[in-house]
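Summary of the model geometry
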Amino acid sequence: MAVCGGDDIEKMEPKLLQATADYLVERRSLSIGGWQLVSRVPRNELYHGVDGSLGFYMGAYMLALALLLCMVLFCYRRLVLPIRNMDSFVRKVQKEPGGAYADWQAG
């Protein structure tokens, strides 16, 4: 609804201008010509379809998180563990030059 001058808006039922559990009411005054805009939208129409998309987005987020964790685990096993093992071997060779090599050939 749009009203110019402001007098007509006071003639409306006051309950139509108040937000309720079923309706969202928004009033805006425009600087041009003294107009006031009033919108009254049923909440079920405003939020229609939000519940279904929320579940979809949460599912997609969980799937992306699971894939990220799998990638981290894969990279840890394929990259970090071999480097750690190599570092451990080099440190053993530095401490015991003959013994570490024999352990490596046996293992």
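Residues numbered from 1 in each chain as written. Predicted model: local features only at pLDDT ≥ 70, side-chain atom pairs only at ≥ 80, totals over all residues. Heavy atoms only, no water.

1. Thoughts on the overall build of the protein
Basically, it comes down to this: Under the DSSP-based scheme used, a helix requires at least four consecutive residues in state H or I and a strand at least two consecutive residues in state E, with every element numbered from the N terminus. The buried label goes to any residue with under 20% of its type's maximum accessible area, the exposed label to any with over 50%, and the partly exposed label to all in between, with areas taken from a 1.4 Å probe on protein chains only. A contact between two residues is defined here by any heavy atoms of the two lying within 4.5 Å.
Scanning the protein from terminus to terminus reveals three helices and three strands. Starting at the N terminus, the α and β elements of the protein follow one another as β-β-β-α-α-α. Classification of the 107 residues of the protein by burial places 8% in the buried group. Long-range pairs, those at least 24 residues apart, make up 27% of the contacts in the protein between residues at least 6 apart in sequence.

2. Some points on the pairing of strand 3 (residues 35-42)
Each regular strand carries side chains that alternate between the two faces of the sheet. Filter applied, for reference: Paired strands, as defined in this entry, are two strands with at least two bridges between them according to DSSP.
Relative to strand 3, strand 2 (residues 23-29) runs antiparallel, the two sharing seven bridges. In the sheet register, Tyr-23 faces strand 3, and the bridge partner there is Pro-42. The turn joining strand 2 and strand 3, which pair antiparallel and follow one another in sequence, is formed by five residues; a positive phi near 70° is taken by Gly-33.

3. Details of the environment of Arg-43
With respect to the element layout, Arg-43 can be found in helix 1 (residues 43-46). Given a relative accessible area of 25%, Arg-43 falls into the partly exposed group.

4. What about the packing of aromatic side chains?
Note the threshold: In this analysis, rings of Phe, Tyr and Trp, with Trp reduced to its six-membered ring, are considered paired at centre separations within 6.5 Å, and the interplanar angle assigns stacked below 30 degrees, edge-to-face beyond 60, and tilted for intermediate values. Counting as a charge over the ring demands two things of the Lys NZ or Arg CZ atom: a distance within 6 Å of the ring centre and an angle within 35 degrees of the ring normal.
One pass over the full model with this rule turns up one aromatic pair. Positioned over the ring face of Tyr-23 is Arg-40, at 3.8 Å from the centre of the ring.

5. Re the confidence of the model for the protein
Cut-off, in case you're wondering: Per-residue confidence from the predictor is given as pLDDT, running between 0 and 100.
Confidence along the protein averages 79 in pLDDT terms, with 73% of residues attaining 70 or more. Predicted confidence in the protein is weakest over strand 1 (residues 2-4), with a mean pLDDT of 57, and strongest over helix 2 (residues 50-95), with 90.

6. Focus: the pattern of salt bridges
Note the cut-off: When a carboxyl oxygen of Asp or Glu is within 4 Å of a side-chain nitrogen of Lys or Arg, the pair counts as a salt bridge.
This structure, assessed with the given rule, holds two salt bridges. Taking the shortest distance from any N to any O, the salt bridge between Glu-26 and Arg-28 comes out at 3.1 Å. Overall, Glu-26 belongs to the partly exposed group, its relative accessible area being 36%. Measuring nitrogen to oxygen at the nearest pair gives 3.0 Å for the salt bridge that ties Arg-91 to Asp-87. Within this pair, Arg-91 and its partner Asp-87 are both found in helix 2, separated by four residues, close to a single helical turn. Overall, Asp-87 belongs to the partly exposed group, its relative accessible area being 37%.

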